[in-house]
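For reference, the chains in residue letters:
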Amino acid sequence: RRRRRRRSADMVVFVEEENRENKDCGEDDDDVVVNENAKTKEKKENRDVFVRNLPHTTTDEALENAFSEIGLVRQAWVAREKGTNVHRGFGYVSFSMKEDVEEALKHNMKLEIEGRKIGILRSKEKEKVDFKERKRLRREMKKKQEEEEEEEICSRSTRSYSYIHT
């Protein structure tokens, strides 16, 4: 007996099959087990911090070494411009434990790298952009703006007409 995992839009479905011949013979999927835990998406604990005011000579290794005194660092990286690799003055540090993030936040503007005090903030998850929704909103705004301009033109012409005939 073999257990196979299938993904659906909101859940994971486990299918146990005895052999492939039985499945191909038109038998029903009576052995489908739905994993209820897959339906509920838990919010991932944020274990990252945003680090600002970094000296432009800071490397990924230097950033990792500075924060390794606080807790176990999974990853540290300095943000760079695409293409040119120019340092942007900020970076991110990922910790293994949530408690290390809290400890790092206590060191805000106290920790120094290369003689420069750095700011430490809890990082925020990047919002997903719905491009279709954004495009629809732009069209609506443009249409509304055109209607307002048209009303403005109509009201001006009405005012000038009434001014002439009074």
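The present account deals with the structure reproduced in this document. (Residues numbered from 1 in each chain as written. Predicted model: local features only at pLDDT ≥ 70, side-chain atom pairs only at ≥ 80, totals over all residues. Heavy atoms only, no water.)

### Examining the environment of H56
Then step 1. Relative to the elements of secondary structure, H56 occurs in the loop between β4 (48-52) and α2 (60-68).
Then step 2. Remark: the alpha-carbon pair of H56 and E114, spanning 58 residues in sequence, is separated by 9.9 Å.
Then step 3. Once residues within four sequence positions are removed from consideration, H56 is found in contact with H87, R88, G89 and R116.
Then step 4. Only 3.4 Å separates the side chain of H56 from the backbone oxygen of H87, close enough to count as a polar contact. (Helix = DSSP H or I, 4+ residues; strand = E, 2+ residues; numbered from the N terminus. Contact = heavy atoms within 4.5 Å. Polar contact = N/O pair within 3.5 Å; in protein donor to acceptor, adjacent residues only side chain to side chain.)

### Section: the pattern of salt bridges
Then step 1. Considering all chains together, one arrives at 5 salt bridges under this definition.
Then step 2. In this structure, the salt-bridge partner of E81 is R88, at a minimum N-O distance of 3.4 Å.
Then step 3. One salt bridge connects K106 with E103, and the closest N-O pair in it is separated by 3.9 Å. Of the two residues, K106 and E103 are both situated in helix α3 (residues 98-106); the distance of 3 residues between them amounts to about one turn of the helix.
Then step 4. Judged by relative accessible area, K106 falls into the exposed class, the value being 55%.
Then step 5. Given a relative accessible area of 30%, E103 falls into the partly exposed group. (Salt bridge = Lys/Arg side-chain N within 4 Å of Asp/Glu carboxyl O. Buried < 20%, exposed > 50% of the residue type's maximum accessible area, 1.4 Å probe, protein only.)

### Some words on a negative patch on the surface
Then step 1. Residues E146, E147, E148, E149, E150 and E151 make up a contiguous surface patch of negative charge.
Then step 2. Mapping E147 onto the fold places it in helix α4 (residues 131-164). (Patch = residues over 30% accessible without salt bridge, like charges linked within 9 Å, V, L, I, M, F, W, Y side chains within 5 Å. Areas by Shrake-Rupley, 256 points an atom, 1.4 Å probe, with all protein chains shown as cover. Lys, Arg positive; Asp, Glu negative; His and termini not counted. Charge placed at Lys NZ, Arg CZ, Asp CG, Glu CD.)

### Brief notes about the packing of aromatic side chains
Then step 1. Going through the model one piece at a time under the given rule, you end up with 5 aromatic pairs.
Then step 2. Aromatic pair F90 and Y92: ring centres 6.2 Å apart, planes at 85°, arrangement edge-to-face.
Then step 3. Each member of the aromatic cluster is reached from another via a ring pair, and the members are F50, W77, F90 and Y92. (Phe/Tyr/Trp six-rings, centres within 6.5 Å; stacked < 30°, edge-to-face > 60°.)

### Some thoughts on the nonpolar core
Then step 1. Ranked by internal contacts, the top residues of the largest apolar core, which has 18 residues, are V49, V51, L63, F67, V93, F95 and I118.
Then step 2. Sorting the residues of this core by element identifies β4, α2, β5 (73-80), β6 (87-95) and α3 as the ones contributing at least two each.
Then step 3. Filtering out sequence-adjacent residues up to four positions away, F95 remains in contact with R47, V49, F67, G71, L72, V73, R74, D100, V101 and A104. (Core = buried A, V, L, I, M, F, W, Y, C linked by side-chain atoms within 4.5 Å.)

Honestly, that's just the spatial picture; any functional story needs more than this.
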